[in-house]
4 protein chains.
Amino acid sequence: MATVIGAGDRSDARRNRAKVLSAAGEAFAERGLDVPLGDIARRAGVGAGTVYRHFPTKHSLVEAVFAQQLGELVASGERRMSRSAPTEAFFGFVLDVIDTSRSRTTICDVMSADASWPRPVLTATVARLHQLLTVLLDAAQRAGGVRPDVGPDDIVALTVGCAAMMTARHDRAAGLRLVRLTLDGLRPSGPVTEARHFRDVRGSAPGPACEECGAVLTVHPTGRPARYCGTTCRQRAHRRRPAP
Amino acid sequence: MATVIGAGDRSDARRNRAKVLSAAGEAFAERGLDVPLGDIARRAGVGAGTVYRHFPTKHSLVEAVFAQQLGELVASGERRMSRSAPTEAFFGFVLDVIDTSRSRTTICDVMSADASWPRPVLTATVARLHQLLTVLLDAAQRAGGVRPDVGPDDIVALTVGCAAMMTARHDRAAGLRLVRLTLDGLRPSGPVTEARHFRDVRGSAPGPACEECGAVLTVHPTGRPARYCGTTCRQRAHRRRPAP
Amino acid sequence: MATVIGAGDRSDARRNRAKVLSAAGEAFAERGLDVPLGDIARRAGVGAGTVYRHFPTKHSLVEAVFAQQLGELVASGERRMSRSAPTEAFFGFVLDVIDTSRSRTTICDVMSADASWPRPVLTATVARLHQLLTVLLDAAQRAGGVRPDVGPDDIVALTVGCAAMMTARHDRAAGLRLVRLTLDGLRPSGPVTEARHFRDVRGSAPGPACEECGAVLTVHPTGRPARYCGTTCRQRAHRRRPAP
Amino acid sequence: MATVIGAGDRSDARRNRAKVLSAAGEAFAERGLDVPLGDIARRAGVGAGTVYRHFPTKHSLVEAVFAQQLGELVASGERRMSRSAPTEAFFGFVLDVIDTSRSRTTICDVMSADASWPRPVLTATVARLHQLLTVLLDAAQRAGGVRPDVGPDDIVALTVGCAAMMTARHDRAAGLRLVRLTLDGLRPSGPVTEARHFRDVRGSAPGPACEECGAVLTVHPTGRPARYCGTTCRQRAHRRRPAP
DNA sequence: TATGAATGAGTCTTCATTCAT
DNA sequence: CATGAATGAAGACTCATTCAT
């Protein structure tokens, strides 16, 4: 069991650890989590064993890289929170997350759950991020800057999605434009659709929605609760079900 | 020197090809593109050699799987185009792409360019998809159902982003709600932000935009063309630049 | 998970499996369980992957090698049992195990429990061997050819010890001579020591023995049961105990 | 170019050397010679470099550990020699070696030649041990306490074998009983077998023996010297030879 | 000087691809 | 032809040994 090294150690060790961390960050961003550890070592200018001494598993290296990056995000978010008006802080933070995620494409892999990579990783940092997001969102919603019917989980998903947009659109400015388009949907004066009549519910479970298309369902005080917004969706959902 | 088998061959060969294709589709969806070829073969109930007879490379198998899936999408899109009103057809198609991508998570990997997987893959089918999208978008825009200042590339990026949202939000209905929120931003009555005054330009290059925040820039007929919308953004961009 | 291959497969596969098995047997005998798998593969004239196909772990290869060797031993023992007189069969079998163990030195590692190698291995075959030994021993004891106060576990330990002797004494004949000297102690007319008055108890727990020197203790029907054969041994055992 | 430190150096260096030595002894006993050097260093509470300062190779550490342990044995043997009657001294010494080898299982690896570990190691100490053994054996034999037809090499092999027995039999008392059973074969009134007529030859080459079963061969002054004790053994040996 | 960080060759294992049956 | 066995180039990880602090 290799000894994991803390911050109080020898200066050269600390320097090496930092070199490895940043090399890994770059490598992951450029080539995905599959880059060989040897490449990272070479990029950092150290031997493979050194990487290993600091991060006893490739897994733990991934963990450390993202923990650091998320840590920086959280720090910047906390700074914003104390310095800006609630709404501004919230949107600024989300934009920060999205924008910086360009240089670490794989953040999706880490934050989203379908990642093939074992991900009970990062739990602590992710939890901190989530909490910060909740606080910021809550404040922004109380200030009237964000529609009240979205919850933290929605924001996380939107963020991941926006990061993906930025990645898909190679032009940074164009990508940001799309992101703004998307995030503007969060404002209370947001866009209006056929299925727009969201109930004013705080949190991530904004009341019953059509299981097929997601439209908000009118709640009747009596009768069997509706699952779909109409016959069309009921039929579609039926077709989707596997034959018994 | 395996002979690749076309559609005109013996029927059992065609059947095998289909079996492999569907097994690979499932496997990729469930476990990502990294699933070993042997597993796919086993799942398909054929030998590894048989997979190779039909697809000379793993790469080409990936290609074929997504070509087929995109092909189905394109077909459904074409059906929509001929049957529905332009705006409805456009949004229906995009929603289709997003919604079905849940069962093949990796569509991002294939459509987005930063995928670690070599992707000059699918060129043909992707081109067809792109063209269909262009046509649908154009029609919807002409019908006034979609704001005129977005181009096909924007739509692709939005689609990829929305697929990511669906993946990140495990609740399908909640995911769809976010997607609608996002796509509503495409409607002409879309949301309005400080940086909203998009110029009415078709295509993926909607005129000069702030390189930092994406806001549209007012073009002055004389003088040096602006790169940023203001001092704030200029300063930000400056900080982003690596030290010389 | 590589597919492990049974006996009913392709002939070349079977041949390769056999080649690997015998190469591994030789290699383990010559150089211990630590020989690199690559060396075994080279010795067998196959690729590393082939070894892997047949034995998904190095562990399982070790397992298979010893299972086979023990299997052969068991078979020969069973043959002896049906063909020879009990005492002859018993000694013949034990000598067989000891003598053949020269060509597979590491049998100790597998049969003895302190082997650093994970050894819940082989349980089935070892159990069979143990049972055969029990039957043979029992028959020989009933025939009066083996003193009645030893149990199967004693025989296993003696066997392991004798194998070690053979290994330590490079001259095969001289080694066998020592082994005979040792095994002769099993005969009813065996050697006589100060502590020789073993109780006539069958099995591996032949009644109370001095915890220090192993001499058989006289059992008194009353009083506190003795742990040592005398003051000398009690004192020695005391010195051995760690200070409190 | 680490300087090896002798016994005449600073006292803390000597203390460190001792700590490493004892830590290594424990580690080898518990986990075999394969225990990583780093673990030994940690167990000793020193840095890896310190281990290296005292023992320039892992090999030399092993050497030192066993040299020390054997040294202790030799010392105790010499004490016995001067204090006890010859026979008692001999058997006491051998039992000592066997019994203490329980706490350093790997003595077999060091004393027996097939050890995968390079062993021209301990030559000096082993030679001393060997010499002591020879003296003790000789005295015991002259005193009539040990049969005259065994040599020092036989004793070494018996000792190694008995140590293996102790290891194989987890119950210490039961193990000791087996050991006594075995060592009793060394007494002049030892057991008698079909192949028992050992010639009274001192040393490790006690005259011509059957190459197959080890029985002593009658030497005829004329004719071709016999290699086997009879037709049965000749046939067995023939079957053992590899096909040409 | 002692420490423990760095090194890199060597080991096991995987898997895309080829090829004998 | 289909099958699945063989191949061998990587990749993750270990650890004896060296060397900077």
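Owing to the predicted nature of the structure, the values given are computational and were not obtained by experimental measurement.

What follows deals with the overall build of chain A. Helix and strand content of chain A: 10 helices and zero strands. Order of helices (α) and strands (β) in chain A, N terminus to C terminus: α-α-α-α-α-α-α-α-α-α. Burial statistics for chain A: of 244 residues in total, 49% are counted as buried. Per element, the accessible surface of chain A, about 11,900 Å² overall, is 53% carbon and sulfur.

Let's shift gears to the packing of helix H1 (residues 11–31) of chain D against helix H2 (residues 37–44) of chain D. Residue and element names in this part refer to chain D. At a minimum axis distance of 8 Å, the contact between H1 and H2 shows a crossing angle of 125 degrees. On the basis of the axis angle, H1 is oblique to H2. Pair H1 / H2 crosses with right-handed handedness. Contacts between H1 and H2 involve Lys19, Val20, Ala23, Ala24, Glu26, Ala27, Phe28, Glu30 and Arg31 from the first element and Asp39, Ile40, Arg43 and Ala44 from the second.

A few words on the protein's contact with DNA strand F. Surveying the vicinity of DNA strand F reveals 32 residues, the closest of which are Tyr52 of chain A, Arg53 of chain B together with Asn16, Gly47 and Arg53 of chain C. The contact atoms of DNA strand F, taken as those within 4 Å of the protein, divide so that sugar and phosphate hold 70%. In this structure, a phosphate oxygen belonging to DNA strand F sits 3.5 Å away from a main-chain N or O atom of glycine 47 of chain B. Leucine 37 of chain D is positioned with one of its backbone polar atoms (N or O) 2.7 Å from a phosphate oxygen of DNA strand F. Taken together, the elements giving at least two residues each to the surface near DNA strand F come down to helix H3 (48–54) of chain B together with helix H1 (11–31) and helix H3 (48–54) of chain C. Partitioned by chemical class, the residues of the surface near DNA strand F number 12 nonpolar, 10 polar and 10 charged.

In this section: the protein's contact with DNA strand E. Contacts to DNA strand E come from 31 residues, most closely from Asn16, Gly47 and Arg53 of chain A, Tyr52 of chain C together with Thr50 of chain D. Restricting attention to atoms of DNA strand E within 4 Å of the protein, one finds that 71% of them are sugar or phosphate atoms. Between DNA strand E and glycine 47 of chain A, the relevant distance is 2.5 Å, taken from a phosphate oxygen to a main-chain nitrogen or oxygen of the residue. A distance of 3.4 Å separates a base nitrogen of DNA strand E from a polar backbone atom of glycine 49 of chain A. Elements supplying a minimum of two residues to the surface near DNA strand E: helix H1 (11–31) and helix H3 (48–54) of chain A together with helix H3 (48–54) of chain D. Tallied by class, the residues present in the surface near DNA strand E amount to 12 nonpolar, 10 polar and nine charged.

The next subject is the environment of arginine 177 of chain C. Here arginine 177 of chain C lies in helix H9 (residues 172–184). When the C-alpha atoms of arginine 177 of chain C and methionine 166 of chain C are compared, they prove to be 9.5 Å apart, with 11 residues separating the residues in sequence.

As a further point, take the packing of aromatic side chains. According to the stated counting rule, one finds four aromatic pairs over all chains in the structure shown. Their ring planes at 75 degrees and their centres at 5.2 Å tell us that phenylalanine 90 of chain C and phenylalanine 91 of chain C sit as a pair that is edge-to-face.

What follows deals with the environment of alanine 164 of chain B. Residue position: alanine 164 of chain B is located in helix H8 (residues 152–168). Classification of alanine 164 of chain B by relative accessible area gives buried; the value is 9%. Residues alanine 164 of chain B and valine 179 of chain B, 15 residues apart in the sequence, show an inter-C-alpha distance of 9.9 Å. Beyond its immediate sequence surroundings of up to four residues, alanine 164 of chain B is in contact with Val160, Gly161 and Ala164 of chain A.

Moving on, we get to helix H8 (residues 152–168) of chain A. End to end, H8 of chain A covers 24 Å across 17 residues, agreeing with the expected 24 Å (1.5 Å per residue, within 8%). With 16 of its 17 residues buried, H8 of chain A lies for the most part within the structure.

The next subject is helix H5 (residues 86–100) of chain D. For H5 of chain D, which comprises 15 residues, the first-to-last C-alpha distance of 21 Å matches the rise-based estimate of 21 Å (1.5 Å per residue) to within 8%. Residues Thr87, Ala89, Phe90, Phe91, Gly92, Phe93, Val94, Val97, Ile98 and Asp99 of chain D constitute the buried set of H5 of chain D.

Right, let's talk about the pattern of salt bridges for a bit. A complete count under the given rule lists 48 salt bridges over all chains for this structure. Note that aspartate 39 of chain C and arginine 42 of chain C form a salt bridge whose closest N and O atoms lie 3.4 Å from each other. Of the two residues, aspartate 39 of chain C and arginine 42 of chain C both sit in helix H2 (residues 37–44), three residues apart, roughly one turn of that helix. Residue arginine 42 of chain C is classed as exposed on the basis of its relative accessible area, which comes to 60%. Where salt bridges share partners, they join Arg147, Asp149 and Asp154 of chain A together with Arg169 and Arg177 of chain B into one cluster.

All names here are of chain A. Predicted confidence across chain A gives a mean pLDDT of 77, with 70% of residues reaching 70 or more. Model confidence for chain A, summarised as mean pLDDT per element, is weakest for helix H6 (residues 107–111) at 51 and strongest for helix H2 (residues 37–44) at 94. Contacts of residues 1–8 to residues separated by more than four positions or lying in other chains number 12 contacts, the stretch itself having pLDDT below 50. Here residues 112–121 scores under 50 on pLDDT; set against residues more than four positions off or in separate chains, the count is 21 contacts.

This part takes up the packing of helix H9 (residues 172–184) of chain A against H8 of chain B. It is the contact of H9 of chain A with H8 of chain B, at a shortest axis distance of 10 Å, that shows an interaxial angle of 55 degrees. Put simply, H9 of chain A runs oblique to H8 of chain B. Remark: the crossing between H9 of chain A and H8 of chain B carries right-handed chirality. Residues Arg177, Leu178 and Thr182 of chain A of H9 of chain A lie in contact with H8 of chain B, whose contacting residues are Asp154, Ala157, Leu158 and Met165 of chain B. Of the residues that constitute the contact of H9 of chain A with H8 of chain B, the class distribution is four nonpolar, one polar and two charged.

With that settled, consider the side chain of threonine 182 of chain D. Topologically, threonine 182 of chain D is positioned in helix H9 (residues 172–184). On the accessibility criterion, threonine 182 of chain D (2% relative accessible area) is buried. When near neighbours in sequence (up to four residues on either side) are disregarded, threonine 182 of chain D contacts Leu158, Met165 and Thr182 of chain C together with Leu158, Cys162 and Met165 of chain D.

Quick look at the state of the cysteines now. Under the criterion given, the structure shown has zero disulfides over all chains. Cysteine 162 of chain A takes part in no disulfide bond, and the closest cysteine sulfur to it belongs to cysteine 162 of chain B, at a distance of 8.6 Å. The class of cysteine 162 of chain B is buried, set by a relative accessible area of 0%.

Conventions we followed
- Residues numbered from 1 in each chain as written.
- Chains lettered and ligands numbered in written order.
- Predicted model: local features only at pLDDT ≥ 70, side-chain atom pairs only at ≥ 80, totals over all residues.
- Heavy atoms only, no water.
- Helix = DSSP H or I, 4+ residues; strand = E, 2+ residues; numbered from the N terminus.
- Buried < 20%, exposed > 50% of the residue type's maximum accessible area, 1.4 Å probe, protein only.
- Areas by Shrake-Rupley, 256 points an atom, 1.4 Å probe, with all protein chains shown as cover.
- Axes fitted to C-alpha atoms, helices over the stretch in contact; angles between N-to-C directions.
- Parallel < 35°, antiparallel > 145°, perpendicular 65-115°, else oblique.
- Left-handed = near helix turned anticlockwise from the far one by under 90°.
- Contact = heavy atoms within 4.5 Å.
- Near = heavy atom within 4 Å.
- Polar contact = N/O pair within 3.5 Å; in protein donor to acceptor, adjacent residues only side chain to side chain.
- Nonpolar A, V, L, I, M, F, W, Y, C, P; charged D, E, K, R; others polar.
- Phe/Tyr/Trp six-rings, centres within 6.5 Å; stacked < 30°, edge-to-face > 60°.
- Expected span 1.5 Å × (residues − 1).
- Salt bridge = Lys/Arg side-chain N within 4 Å of Asp/Glu carboxyl O.
- pLDDT = per-residue confidence, 0-100.
- Disulfide = S-S within 2.5 Å.

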